[in-house]
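# Reading the structure
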Amino acid sequence: MRIVVVGAGMAGVQTAVALREQGYDGELAVLGAEPHLPYDRPPLSKDVLLGKAENSRFELDYGALGIDLLLDRSATGLDPDGRRLRTDAGELDYDRLVLATGARAVALPGQPAAAHLLRTHDDAVALRAVLRPGARLVVVGAGWIGAEAATAARTLGCEVTVVEAAPVPLAGALPAEVAELTRRWYAEAGVELRTSTAVGGIVDSEQRLEGTGGSAVLLTDGTELDADAVVVGIGARPDTGWLAGSGINLDDRGAVAVDAALRTSAAGVFAVGDCASFPSARYGVRLTVHHWDNALQGARLAAANLLHPGPEADLPRYDPVPYFWSEQFGRMVQYAGHHSPGDELLLRGDPEADGGWGALWLRGEVPVALLAVDRPRDLVQGRRLIERGTPLDRSRAADPAVPLKAA
Ligand code: FAD
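Since the model is a prediction, treat every value here as computed from it, not as a measurement.

## Quick look at helix α5 (residues 144-155)
Relative to the 16 Å expected for 12 residues at 1.5 Å per residue, α5 spans 17 Å between its end C-alpha atoms, a close match to the ideal helical length. Within α5, 10 of the 12 residues are buried, which leaves it mostly tucked inside the rest of the structure. Among the residues of α5, W144, I145, G146, A147, E148, A149, A150, T151, A152 and A153 are the ones counted as buried. Looking at the buried positions of α5, the neighbouring elements they touch are α2 (47-50), β9 (136-140), β10 (159-163), β15 (229-232) and β21 (323-328). Just beyond α5, the residue with positive phi is G157, at close to 90°.

## Some thoughts on the sheet that holds strand β2 (residues 27-32)
Strand order in the open sheet formed by five strands is β3-β2-β1-β7-β18, and the pairing between neighbours is parallel. Unpaired on one side and paired on the other, β3 (68-71) and β18 (269-271) mark the two borders of the sheet. Direction aside, neighbouring strands of the sheet carry axes that sit 20° apart on average. Across five bridges, strand β1 (residues 2-6) lies against β2 in parallel orientation. Across the sheet, V6 pairs through a bridge with L31, a residue of β2. In the packing of helix α8 (residues 292-306) onto the sheet, contacts are made with β1, β7 (96-99) and β18, and the angle to β18 comes to roughly 165°.

## Focus on the pairing of strand β6 (residues 90-93)
Here four bridges tie strand β5 (residues 84-87) to β6, and the two strands are oriented antiparallel to one another. Looking at β6, one finds that L85 is bridged to L92. As consecutive antiparallel partners, β5 and β6 are separated by two residues.

## Concerning the confidence of the model for the protein chain
Per-residue confidence for the protein chain averages 96 on the pLDDT scale, and 98% of its residues sit at or above 70. For this predicted complex, the interface confidence reaches an ipTM of 0.99, while the overall pTM sits at 0.96.

## Some thoughts on the site of the ligand
Near the ligand you find 37 residues, and of these G7, G9, R41, G102 and G273 are the closest. Two domains each provide a minimum of three residues to the shell around the ligand, namely domain 1 (2-104 + 236-314) and domain 2 (107-232).

## Overview of helix α9 (residues 376-388)
The end-to-end C-alpha separation of α9 is 19 Å, in line with the 18 Å expected for 13 residues at 1.5 Å each. Phi for G389, located one or two positions after α9, is positive at around 65°.

## Notes on the pairing of strand β13 (residues 215-219)
Note that strand β12 (residues 199-204) and β13 share five bridges and pair antiparallel. By the bridge assignment for β13, G201 is matched with L218. Bridge count between β13 and strand β14 (residues 224-227): four bridges; the pairing is antiparallel. Bridge pairing links A216 to D226 in β14. The hairpin turn running from β13 into β14, its antiparallel successor, is four residues long, and G222 in that turn takes a positive phi close to 100°.

Reading the values: the criteria
- Residues numbered from 1 in each chain as written.
- Predicted model: local features only at pLDDT ≥ 70, side-chain atom pairs only at ≥ 80, totals over all residues.
- Helix = DSSP H or I, 4+ residues; strand = E, 2+ residues; numbered from the N terminus.
- Expected span 1.5 Å × (residues − 1).
- Buried ≥ 20, exposed ≤ 12 C-beta atoms within 10 Å, placed from the backbone.
- Contact = placed C-beta atoms within 7 Å.
- Pairing = 2+ DSSP bridges.
- Axes fitted to C-alpha atoms, helices over the stretch in contact; angles between N-to-C directions.
- pLDDT = per-residue confidence, 0-100.
- Near = placed C-beta within 6 Å.
- Domains from an automatic or database assignment.

Take a look at the structure:
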């Protein structure tokens, strides 16, 4: 049997590792578009940007694992009936295929080449080179990536302005009343945060009449911000364009739509990580999760299902409590679960006080999601309660002195 994995990021590489751990001894190839040895992305916006690490490669011996690593090679098309993958260096036959092509950073319309994105190793190295003390950096987008880029730049002594179209930072991830509580982090770190402010365009130095170097960020309110460097962190989209014409079902956001066993609409083809969306029985919605833990857990389940010996009806289902973390302005921010607009919000602790705080989302008495700021124990305990659907006593849950345990 030959299993081919497309995408050499966290999800693809972990699927290959899990296949070996789970006893698969057949042919195994992992195809990666980038020329670099596979690497982890979270350190890119942290240690790599800060210059504390040169790279974030996975420490794996691919030869010893019997993984045929085909780097600098892109999948360009798929014929699921013929079980054939087209690549920019010829075709590959497979018996089972795993799609793990991740996501691509979204650029602003007409974004000049001099503006930075932060998705790949090369992006991080290029950005790091311009983060010198005193450099003026404009960050477009106050989401997870924007906040982490601003954190690193400030630590390196840059003058940082963050421009966000929404009224609050982290608007895509948290309700406004919680997201608003992170605003002061920017001010305390000496970062200027301009919310409800859209960017109309970026003009790089070649295009500027006065040749001052750097770029001008044009805001729709007429303001012009001078910048030595600009980084755009406005989101990422599943990297699935190459599947056009393959017949593989995508969802309305372009992610590969898998079933609960992580199977695509084509026989023998699975999908994991940032490129896929799965039906969450736990939350009753289809979820696309662009976070590290999903790439790891999904990979393990996909490997088990690729090798599953029993009837298809017995395939294990993927139904995680999603989890992620972000390191912002000296704080560890962690989130588990999934909240919806109708869920009741309960604050835990005082966001202005030292010692961290959190937020819980309840459906009835049962927690469905948790945000923990500098409270890693809350995260571990709360995640367990969410997984088990354990009811909580509201007044105890709001008191940070009381451990997050069952009522
Ligand atoms: P990717 O890591 O995107 O890997 C996909 C790979 O597929 C890429 O290497 C790509 O080159 C390759 N590929 C794409 N198309 C093709 C093709 N046609 N042929 C061959 N190869 C192809 N998550 C957290 O939970 N916490 C964090 O703190 C955190 N920090 C992050 C910081 C940064 C800067 C970034 C970018 C992400 C961060 N994440 C974080 C998210 C996390 O890294 C991702 O969820 C995770 O990398 C997803 O893994 P993946 O393998 O699905 O996709």
